[in-house]
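# A closer look at the structure
What follows is the residue order along each chain.
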Amino acid sequence: MYQDPVQWRIEVDRLACSGTGLCLGTAHGRMRLEAGRARPVDELISPDDGVMDAAETCPMEAITVREATTGEVLAPLR
Ligand code: SF4
């Protein structure tokens, strides 16, 4: 049976984000700053280790990565 490829969803809590820009370097090409806060370039992505790292290292814990279909939190793992 055909199965869709796994996709992840990137969420940014714009109230928590302090606009450090750290994630732009960690998740290269996946994040951008808009009005001083981070936003995903695309909310739905193929699995990407850089995005996982960004969620784990964001100083404000503002980034959440979920498995798009189930909503399971993949990062950060607390
Ligand atoms: S690393 Fe975290 S606090 Fe810094 S810009 Fe990215 S989401 Fe915002």
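Above this note sits the structure.
Computed from a predicted model, the values in this text were never measured in an experiment.

## Here we look at the nonpolar core
By size, the foremost hydrophobic cluster in this structure holds 18 residues, and its most contacted members are M31, I63 and V65. Within the residue set of this core, elements represented by two or more residues are β1 (8–12), α2 (49–57), β5 (63–67) and β6 (73–75). Leaving out residues up to four positions away in the same chain, I63 has contacts with I10, E11, V12, C23, M31, A54, A55, C58, A75 and P76.

## Side note on the pairing of strand β2 (residues 31–34)
In this structure, β2 lies alongside strand β3 (residues 37–40), joined through 4 bridges in antiparallel fashion. Residue pairing for β3: E34 is matched across the bridge by R37. Taken together, β2 and the strand that follows it, β3, pair antiparallel across an intervening segment of 2 residues, in which A35 is found at a positive phi of about 55 degrees.

## What about unusual backbone geometry?
A cis amide bond links A75 to the next residue, P76, at an omega of -5 degrees. Mapping P76 onto the fold places it in the segment after β6. A positive phi angle, near 55 degrees, is found at A35, a position not held by glycine. Relative to the assigned elements, A35 resides in the loop between β2 and β3.

## What to know about the pattern of salt bridges
Scanning the entire structure with this criterion turns up 5 salt bridges. A salt bridge links E11 to R66, with the shortest nitrogen-to-oxygen separation between them at 3.1 Å. Of the two residues, E11 sits in strand β1 while R66 sits in strand β5, which places them 55 residues apart along the sequence.

## Here we look at the environment of R66
For R66, a relative accessible area of 26% translates into the label partly exposed. Residues R66 and L44 lie 22 residues apart in sequence; the distance between their C-alpha atoms is 9.6 Å. Excluding residues that lie within four positions of it along the chain, R66 makes contacts with Q7, W8, R9, E11, G71, E72, V73 and L74. Within the structure, R66 has its side chain in polar contact with the backbone oxygen of G71 (distance 2.8 Å).

Calculation notes
- Residues numbered from 1 in each chain as written.
- Predicted model: local features only at pLDDT ≥ 70, side-chain atom pairs only at ≥ 80, totals over all residues.
- Heavy atoms only, no water.
- Core = buried A, V, L, I, M, F, W, Y, C linked by side-chain atoms within 4.5 Å.
- Buried < 20%, exposed > 50% of the residue type's maximum accessible area, 1.4 Å probe, protein only.
- Helix = DSSP H or I, 4+ residues; strand = E, 2+ residues; numbered from the N terminus.
- Contact = heavy atoms within 4.5 Å.
- Pairing = 2+ DSSP bridges.
- Salt bridge = Lys/Arg side-chain N within 4 Å of Asp/Glu carboxyl O.
- Polar contact = N/O pair within 3.5 Å; in protein donor to acceptor, adjacent residues only side chain to side chain.

Purely spatial values, then, with no claim about function.
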